There are 2 protein chains.
Amino acid sequence: MYIDPIIKGIEISDIRKIHERLSAYKNVINMTIGEPDTDAPQKVKEAIAYHALNSPIKYSPVGGMPELREKIAKFYNEKFGGNYNKDNVLVTVGSTEGLSSTLKTILAEDDEVLIPTPAYVGYEPLIRVARAKTIFMDLEENNFILTEKILEKYITSKTKLIILTYPNNPSGITLPKEEMIKIVKFLKDKEIYLLSDEIYASIAFEKFTSFAKYYNELKEQLIVVNGFSKSHSMTGHRLGYTLANEKLQAQIKKISQYTVTSASTLSQYGAIAALDYCSDTTELSEIYKKRVYYFVEELEKLGFKCLKPKGAFYVFATYKTIDKFKNVGSFDFILDLLEKTELAIIPGITFQVEGYVRFSIVHDLPVLEEAIARLKKYIESK
Amino acid sequence: MYIDPIIKGIEISDIRKIHERLSAYKNVINMTIGEPDTDAPQKVKEAIAYHALNSPIKYSPVGGMPELREKIAKFYNEKFGGNYNKDNVLVTVGSTEGLSSTLKTILAEDDEVLIPTPAYVGYEPLIRVARAKTIFMDLEENNFILTEKILEKYITSKTKLIILTYPNNPSGITLPKEEMIKIVKFLKDKEIYLLSDEIYASIAFEKFTSFAKYYNELKEQLIVVNGFSKSHSMTGHRLGYTLANEKLQAQIKKISQYTVTSASTLSQYGAIAALDYCSDTTELSEIYKKRVYYFVEELEKLGFKCLKPKGAFYVFATYKTIDKFKNVGSFDFILDLLEKTELAIIPGITFQVEGYVRFSIVHDLPVLEEAIARLKKYIESK
């Protein structure tokens, strides 16, 4: 029976494949997954439990409850200097559905989408399903910093969209503000969309600048994607949102409606509580900062070189600085490491950068110490 | 800026448009919406509240928790004579996402999809987005009963899929078992998928036969779509599922993963409770049966003629049997009715059948009596 060949051609992600191998090991330290180990705030849990028992959990209005949309706009304006109102906000089933509904609305066959590497793995399959083409921008020679100059080199008449992810998954890096300003100026009035995936914006180790700050300059073009999975450890509640001009949102909303109807009403109550009581995520950021800084320092003692994370909970490190691993492929590296030490991480090739690996820092210090000990033993054994 | 012309061309549904007008009226009886007025079972609410407070609500496995998938398979096998196991089950964000991910996986450009009328409004936009074409099968001359003979007339070399919805929205009718058997035999071994949308199967006024009973005959072709929104009044929790052969599900799962990641973990706990404690929906069916039968009887006293519902909570009735309305369009009919009586219903044309209207029977008897009184007055005033 017929199955769409594009869908057939999409591979299950490396991350999932590695994840599935883990059950074969007894004493695994799992640093593969992008899920906070922290729990949702107590206030959020209580609000959800309260409404589960006491409110009729009916269909939410398509695109999200007006009350929540208003709070999200206010949050973005206050925290990130945006200029949004509730009609700029679309509430989605996690940021994933925000991405998927947006890409479906703005991409056409043969369009080109530019993404700097290392790149999050969820974009390319969605772009492919939209019959468009992903062009990865290799930034290794510039220390993975995107500049207006580099961007310009990749732009063609087919470029429809640029996707930027800061703080970045898998590296935690951000874009220097002076480069942001140049990129905004460069893109202004071009027929090119900018999608800024800011899902890690609330886990920041120093002041984070959102593209929302430049919404006035890029009103027609800018789509910000965000959600509550990482900022409030609400992954299982599937609640995200996008910010864009009202006209574009009206179109994306139609796709969202026919794809999912709307996000869970109960999760929306949880999100309201998150914004009402827990919009300050400094404490969470401090937890991850401490861990990430510790891990970077220890990795570099072992001879790795890391991109310096400014947020999120990942460390992206190269082992090419350690002579004996110089010519090892990243998939081979992580498989051998897993087999010998039961430490599970993700190869850089998954994010389009060879010679690197990603560590998810979703464990507390004792586990991180043990991970470092295993790595040390592994390197010495070679 | 570019927006996909197909998406631009999709209209916001009539139902929503009418719904939006309602705020202008003070004393509306709203019989437009397909949402149960009943509440989710207490056991479901308690399970959700319990897990919200006490379980870590992390990402669910893509495609749904194994425990829930197993229970769904068992439920369908026991209740509807299916032959499924957990790998046949994909848990989705409401039945809507099940539909959307399935159609995206199996449809290609220029494919034809056959749907009998009256037809649920959510299919056509999804088919259009997949670049395929909807062919509505007009069954009015055969009392809206699909037969193998009629189906055969519509089949072309381009037919890729047939979508059947029984108990039907908007009419509540089902397909006679002898016709089902003929249709199954006719479709067997053809390169045509059958999608059976059984979202109302648990609200049945007499024994309902699911296409799941014929899974062995249509193993390669059959996709059953269902969910907890109508059977357990869980609309706001967004939890549905599809049943199909394992190979097809593996493909649909990839699309589902990249579109939404997975359904809400908390909603899945609710669904487990629904199956554990409330899988018998006889009581709910009795509530709707009593109301629907009452409403049909009263409508016919007024001169309407109704399709006889065997399930769901709708009445689809023609006013062409009332002389003075014979030549009135259904949109004009419902707008005038709304303006004069503040009774809100949906025109048949929304479901591709002119001269009919749909009543959602999601109110208790006193409200239904009032609706009938308003209709009576309206008819007499003409």
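Quantities reported herein were computed from a predicted structural model and do not represent experimental measurements.

> Give a detailed account of the overall build of chain A, specifying residues and quantitative values.
Counting its secondary structure elements, chain A contains 13 helices and 13 strands. For chain A, whose C-alpha radius of gyration is 21 Å, the value lies close to the compact-globule estimate of 21 Å for 382 residues. Its C-alpha atoms give chain A principal-axis dimensions of roughly 60 × 55 × 55 Å. Taking all 382 residues of chain A together, the buried fraction comes to 64%. Within chain A, counting contacts between residues at least 6 apart in sequence, those at least 24 apart form 75% of the total. Summed over its atoms, the accessible surface of chain A is roughly 14,500 Å², and 48% of this surface lies on carbon and sulfur atoms. In chain A, which carries 50 positive and 50 negative side-chain charges, the distance between the mean positions of the two groups comes to 1 Å.

> Pulling in residues and values, what's your account of the relation of the copies chain B and chain A?
Least-squares fitting of chain B to chain A yields an RMSD of 0.0 Å, with the superposition described by an axial translation of 0.0 Å and a rotation of 180°. Expressed as a symmetry operation, the mapping of one chain copy onto the other fits a two-fold axis. Considering only C-alpha atoms, the residue of chain B closest to the rotation axis is Ala49(B), which sits at 2.0 Å.

> Got a sec to walk through the sheet that holds strand β6 (residues 193-197) of chain B? Specific residues and values, please.
Residue and element names in this part refer to chain B. Read across the open sheet, the 7 strands follow the order β2-β8-β7-β6-β5-β3-β4; overall the sheet is mixed. Edge strands, defined here as strands with exactly one partner in the open sheet, are β2 (89-92) and β4 (133-137). Across the sheet, the mean angle from the axis of one strand to that of its neighbour is 20°, orientation sign disregarded. When strand β3 (residues 112-116) meets β4, the two strands line up parallel, connected through 5 bridges. Pairing of Glu 112 across the sheet is with Lys 133, part of β4. Of the strands in this sheet, β2, β6, β7 (222-227) and β8 (240-243) are in contact with helix α9 (residues 246-260), which crosses β2 at around 20°.

> Which residues make up the pattern of salt bridges, and what values go with them?
Residue and element names in this part refer to chain A. Under the definition given, this model contains 38 salt bridges over all chains. Note that Lys 320 is salt-bridged to Glu 140, the shortest N-O span being 3.1 Å. Of this pair, Lys 320 sits in the loop between β10 (314-318) and α12 (330-341) while Glu 140 sits in the loop between β4 (133-137) and α7 (148-154), placing them 180 residues apart in sequence. Relative accessible area serves as the criterion here: at 29%, Glu 140 is assigned to the partly exposed category. Ionic contacts of the salt-bridge type, sharing partners, join the residues Asp 37, Arg 291 and Asp 364 into one network.

> So what's going on with the UniProt feature "domain: Aminotransferase class I/classII large" (unreviewed entry) in chain A? Residues and values would help.
Cross-referencing UniProt, the feature "domain: Aminotransferase class I/classII large" (unreviewed entry) maps to residues 26-375 of chain A in the present numbering. Secondary structure content for residues 26-375 of chain A is 39% helix and 15% strand, and the end C-alpha separation is 17 Å.

> Please give an account of the sheet that holds strand β7 (residues 222-227) of chain A that cites residues and values.
Residue and element names in this part refer to chain A. Strand order in this open sheet of 7 strands is β2-β8-β7-β6-β5-β3-β4, and the pairing throughout is mixed. Unpaired on one side and paired on the other, β2 (89-92) and β4 mark the two borders of the sheet. Sheet twist, expressed as the mean angle between neighbouring strand axes with direction ignored, is 20°. In the sheet, β7 pairs with strand β8 (residues 240-243) via 4 bridges, with the strands oriented antiparallel. Residue Val 224 lies in a different strand from β8, and its bridge partner there is Leu 243.

> I'd like to hear about the pairing of strand β10 (residues 314-318) of chain B, residue by residue, with values.
Within a regular strand, the side chains alternate between the two sheet faces. Residue and element names in this part refer to chain B. Burial analysis of β10 places 5 of its 5 residues in the buried class, which makes it a mostly covered element. What you see with β10 is no split at all: Tyr 314, Phe 316 and Thr 318 on one side and Val 315 and Ala 317 on the other are buried throughout. Of the pairings in the sheet, the one linking strand β9 (residues 305-306) to β10 comprises 2 bridges and is antiparallel in character. Among the inter-strand pairings, Cys 306 is bridged to a residue of β10, identified as Ala 317. In this sheet, strand β13 (residues 356-360) lies alongside β10 in antiparallel orientation, the contact comprising 5 bridges. Bridging across to β13, Phe 316 finds its partner in Arg 358.

> Break down the packing of aromatic side chains for me, citing the residues and quoting the values.
Aromatic rings in a pair are described by how distant their centres are and how their planes are angled relative to each other. Inspection of the entire model under this criterion finds 46 aromatic pairs over all chains. The interplanar angle of 85° and the centroid separation of 5.2 Å between the aromatic rings of Phe325(A) and Phe333(A) together place this pair among those described as edge-to-face. When the centroid spacing of 5.8 Å and the interplanar angle of 5° are considered together, the rings of Phe325(A) and Tyr378(A) count as stacked. Residue Phe325(A) is found in the loop between β10 and α12, and its partner Tyr378(A) is found in helix α13 (residues 365-381); the two are separated by 53 residues along the sequence. Among the aromatic residues, those joined into a ring-pair cluster are Phe75(A), Tyr76(A), Phe80(A), Phe208(A), Phe228(A) and Tyr241(A). One cation-aromatic arrangement involves Lys43(B) over Tyr277(B); the distance from NZ or CZ to the ring centre is 4.7 Å.

> Give me the lowdown on helix α10 (residues 265-277) of chain A, citing residues and values where you can.
An ideal rise of 1.5 Å per residue puts 18 Å on 13 residues; α10(A) measures up with 19 Å between its terminal C-alpha atoms. Among the residues of α10(A), Thr265(A), Leu266(A), Ser267(A), Gln268(A), Tyr269(A), Gly270(A), Ala271(A), Ile272(A), Ala273(A), Ala274(A) and Leu275(A) are the ones counted as buried. Each element contacted by the buried residues of α10(A) is listed here: α3 (42-54), α4 (66-80) and β2 of chain A together with α3 (42-54) and α10 (265-277) of chain B. Of the residues that open α10(A), the one with a side-chain oxygen 3.3 Å from the backbone nitrogen of Leu266(A) is Ser264(A).

> So what about the nonpolar core? Which residues, and what values?
Among the nonpolar cores identified, the biggest contains 219 residues, and Phe304(A), Phe359(A), Phe304(B) and Phe359(B) are the most heavily contacted of them. In this structure, Phe304(A) is in contact with Leu299(A), Ala317(A), Thr318(A), Tyr319(A), Thr321(A), Ile322(A), Phe333(A), Val357(A), Leu375(A) and Ile379(A), ignoring residues within four places of it in sequence.

> I'd like a rundown of a negative patch on the surface, residues and numbers included.
A surface patch of like charges, here negative, comprises Glu109(A), Asp110(A), Glu109(B) and Asp110(B). Of note, Glu109(B) is situated in the loop between α5 (94-106) and β3.

> Can you break down the domain arrangement of chain A residue by residue, with the values?
Residue and element names in this part refer to chain A. Once the domains are mapped, chain A shows domain 1 (5-38 + 282-381) and domain 2 (42-277). Just the C-alpha atoms count here: the centres of domain 1 and domain 2 sit 26 Å apart. With 31 residues of domain 1 at the contact, the number on the domain 2 side is 30 residues. Buried surface at the junction of domain 1 and domain 2, both sides included, amounts to about 2,700 Å², of which 65% is carbon and sulfur. Inspection of the region where domain 1 meets domain 2 yields 1 salt bridge. At the level of elements, α1 (5-9), α11 (282-301), β10 and β13 (356-360) are the ones that each hand at least two residues to the side of domain 1 that touches domain 2. With 6 residues, the top contributor of residues to the side of domain 1 that touches domain 2 is α11. For the side of domain 1 that touches domain 2, the residue count by class is 18 nonpolar, 7 polar and 6 charged.

> Before we move on, can you summarise the interface of chain B and chain A with the specific residues and values?
Where interface size is quoted, it is often the accessible area lost as the parts come together. On the side of chain A, 70 residues touch chain B, which itself brings 70 residues to the contact. By the criterion of area lost to chain A, the three top residues of chain B are Met1(B), Tyr59(B) and Tyr258(B), representing 16% of everything that side buries. At the boundary of chain B and chain A, one finds 0 salt bridges. Within the residue set of the side of chain B that touches chain A, elements represented by two or more residues are α1 (5-9), α3, α5, α6 (123-129), α9 and α10 of chain B. Of all the elements, α9(B) adds the most residues to the side of chain B that touches chain A, at 8 residues. Counted by class, the side of chain B that touches chain A contains 31 nonpolar, 20 polar and 19 charged residues.

Here is what the cut-offs are and how they apply
- Residues numbered from 1 in each chain as written.
- Chains lettered and ligands numbered in written order.
- Predicted model: local features only at pLDDT ≥ 70, side-chain atom pairs only at ≥ 80, totals over all residues.
- Heavy atoms only, no water.
- Helix = DSSP H or I, 4+ residues; strand = E, 2+ residues; numbered from the N terminus.
- Rg over C-alpha atoms; globule rule 2.2 N^0.38 Å.
- Buried < 20%, exposed > 50% of the residue type's maximum accessible area, 1.4 Å probe, protein only.
- Contact = heavy atoms within 4.5 Å.
- Areas by Shrake-Rupley, 256 points an atom, 1.4 Å probe, with all protein chains shown as cover.
- Lys, Arg positive; Asp, Glu negative; His and termini not counted.
- Charge placed at Lys NZ, Arg CZ, Asp CG, Glu CD.
- Least-squares fit on C-alpha atoms with pLDDT ≥ 70 in both.
- Pairing = 2+ DSSP bridges.
- Axes fitted to C-alpha atoms, helices over the stretch in contact; angles between N-to-C directions.
- Salt bridge = Lys/Arg side-chain N within 4 Å of Asp/Glu carboxyl O.
- UniProt positions renumbered as here; feature names shortened; annotations may be inferred.
- Phe/Tyr/Trp six-rings, centres within 6.5 Å; stacked < 30°, edge-to-face > 60°.
- Lys NZ or Arg CZ within 6 Å of the ring centre and 35° of its normal.
- Expected span 1.5 Å × (residues − 1).
- Polar contact = N/O pair within 3.5 Å; in protein donor to acceptor, adjacent residues only side chain to side chain.
- Core = buried A, V, L, I, M, F, W, Y, C linked by side-chain atoms within 4.5 Å.
- Patch = residues over 30% accessible without salt bridge, like charges linked within 9 Å, V, L, I, M, F, W, Y side chains within 5 Å.
- Domains from an automatic or database assignment.
- Buried area = accessible area lost by both parts, 1.4 Å probe.
- Nonpolar A, V, L, I, M, F, W, Y, C, P; charged D, E, K, R; others polar.

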